[in-house]
Number of protein chains: 2
Amino acid sequence: MSLPHAILTALLEKPSSGLELTRRFDRSIGFFWSATHQQIYRELGRLEGEGLVRASGPGAGRGQRKEYEVLPAGRERLREWVGQAQDPKPIRDPLLLRLRAAAVLGVDGLGEELARHRELHRAQLAEYLEIERRDFPPERAETENRLQHMVLQAGIQLESFWLAWLDQALEQD
Amino acid sequence: MSLPHAILTALLEKPSSGLELTRRFDRSIGFFWSATHQQIYRELGRLEGEGLVRASGPGAGRGQRKEYEVLPAGRERLREWVGQAQDPKPIRDPLLLRLRAAAVLGVDGLGEELARHRELHRAQLAEYLEIERRDFPPERAETENRLQHMVLQAGIQLESFWLAWLDQALEQD
DNA sequence: GAAACCATGTAACACGTTACATGATTTG
DNA sequence: CAAATCATGTAACGTGTTACATGGTTTC
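Below is a summary of the structure that appears in this document.

Definitions and limits used
- Residues numbered from 1 in each chain as written.
- Chains lettered and ligands numbered in written order.
- Predicted model: local features only at pLDDT ≥ 70, side-chain atom pairs only at ≥ 80, totals over all residues.
- Heavy atoms only, no water.
- Helix = DSSP H or I, 4+ residues; strand = E, 2+ residues; numbered from the N terminus.
- Rg over C-alpha atoms; globule rule 2.2 N^0.38 Å.
- Buried < 20%, exposed > 50% of the residue type's maximum accessible area, 1.4 Å probe, protein only.
- Contact = heavy atoms within 4.5 Å.
- Areas by Shrake-Rupley, 256 points an atom, 1.4 Å probe, with all protein chains shown as cover.
- Lys, Arg positive; Asp, Glu negative; His and termini not counted.
- Charge placed at Lys NZ, Arg CZ, Asp CG, Glu CD.
- Buried area = accessible area lost by both parts, 1.4 Å probe.
- Salt bridge = Lys/Arg side-chain N within 4 Å of Asp/Glu carboxyl O.
- Polar contact = N/O pair within 3.5 Å; in protein donor to acceptor, adjacent residues only side chain to side chain.
- Near = heavy atom within 4 Å.
- Nonpolar A, V, L, I, M, F, W, Y, C, P; charged D, E, K, R; others polar.

So, about the overall build of chain A. A tally of helices and strands in chain A yields seven helices and two strands. Helices and strands appear in chain A in the N-to-C order α-α-α-β-β-α-α-α-α. For chain A, the C-alpha radius of gyration of 20 Å lies well beyond 16 Å, the compact-globule estimate for 173 residues. Here chain A, with 173 residues, has 46% of them falling under the buried criterion. For chain A, contacts bridging at least 24 residues in sequence account for 54% of all contacts bridging at least 6. With an accessible surface of roughly 9100 Å², chain A has 50% of that area assigned to carbon and sulfur atoms. Of the charged side chains in chain A, 24 are positive and 27 negative, and the gap between their average positions amounts to 7 Å.

Put into C-alpha cells, the structure is as follows:
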C-alpha cells in the first residue's frame, strides 16, 4: 500500500505530470521507493478515480501532457496513512539467499560478484554523500528539514553497512 | 525469481513437506526470504511440473502429506542462478517514505512509532545474537559454515544499524 | 465424538516487471 | 520531412497477500 502514498507525497512536494513523477522516482523519492512509469500512470488513474488528485491540461488521452495536483481528500488520506502503525518488514535480499545456496551447493566462486556489489554500493554511497554536502551543509540550521536529513542519513548508513560487510566477506574469501 | 531458488535451497538442506517448508520460512530461511504457505504450495507445484523436484508419499490431494526432494535438474538450475550476476535492489522502506510524507505534511507525532520499531529491532537483534551464540561459538573453527555465519552477521549488523539510527532519530525528536 | 492440529489446496486481488503501442512536439 | 524526444498509455505475466475451503489424525 505504499505506492499511492509515495505519489501523493511527491505531488504535494510539487505538482507534476506522469513523466516528471517518473523522473523523480528515478532520483530522490526513488532512493527508497522506486516505481516504473507504467505503475505510476496506473496509480494516477486510480487516485483520480478516487477523487484524491485532480488532473489539469488538454486532458484527452495519449501524448497530451496532464498535470496532477493533490486534492484535500488526498492530503487527508496521506495523513491517515502516516499515522498508522506498520511493522517493519523482514529483510528480503537475494544476495544473502545466494550465499546460502552457495553454501549448500558447495560453490565458492562468488568473489567477483561480491566485488561487483561492493563497487555499486561504493558509488551509491558517494552519490548520497554528494547530496548531503549540497543540501545539508553544516552551517545550515536543522529545524525544518530535519526529517529529510534523517532519511538521507539512513541511506548513507545502510550503504556504509553493505560496504563494510562486503569488505569483511571478501577478506575471508 | 528468488522464491523457487529459496525453496530448492531449503529442500537441498533437508527434504520436507510443504508445511515443514512453511515453518522453516518462518525461521531460518525466512530471516532473509519469507513466504506464506500459499506461495510455497503454488511454487512446489510448478517445480514438480518442471521436473526440478520430486514428491513422494500417498500423493493424492488434500490432507495427504507429501515429501519433496530436489532432482539433479533442480540442483543444476540452482547452481546456474547462483552464478548469475544480479544487481542489488535499491532500498524499499515504508518507514522512510512515511518520514518524508510527515515532512511534507508538517506532521511530527511519529515518536511513538519510531520507539515501537526500535523495540522490534531490538528483539530481532537479540534473536540473531542468540542464534550466533548457539550455532557459531568462538571455539569452533570456521571453514565449512563460513558462508552461513556471514549471512547471519549481515542480519546482526543490519538490525544494529536500525537500532542506532532509530536512537539517533528519537534523540532529535 | 468434538476439538485441536496437521496438511494441502483454491480464488481473488494487489503490486511489480517487461514488452510493446501511440500520439504530440521539437530540432536538424 | 525525418529523427529524436516528450508524453501517455495497454497487455501480459510473475510474484505476494488475504481469505477461505477441505480432508486426515490425534487427543481428551
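Our focus in this paragraph is the interface of chain B and chain A. Counting residues at the interface gives 61 residues for chain B and 61 residues for chain A. Contact between chain B and chain A buries roughly 6400 Å² in total, counting both sides, with carbon and sulfur atoms accounting for 66%. At the surface where chain B touches chain A, the tally comes to four salt bridges. When the shortest N-O distance is used, the salt bridge between Arg100(A) and Glu13(B) registers 2.9 Å. In this assembly, chain B and chain A are joined by 25 residue pairs in polar contact (both at pLDDT 80 or more). Here the element with the most residues in the side of chain B that touches chain A is helix α7 (residues 146-172) of chain B; it accounts for 15 residues.

Glancing now at the protein's contact with DNA strand D. Near DNA strand D lie 26 residues; those nearest to it are Leu19(A), His37(A), Tyr41(A), Gln38(B) and Arg42(B). For DNA strand D, the backbone makes up 55% of the atoms found within 4 Å of the protein, where backbone means sugar plus phosphate. Interatomic distance of 2.9 Å between a side-chain N/O atom of Gln39(B) and a phosphate oxygen of DNA strand D. Those elements giving two or more residues to the surface near DNA strand D turn out to be α2 (18-24) and α3 (37-49) of chain A together with α3 (37-49) of chain B. The dominant element in the surface near DNA strand D, judged by the number of residues it contributes, is α3(B), at four residues. In terms of residue class, the surface near DNA strand D is built from five nonpolar, twelve polar and nine charged.

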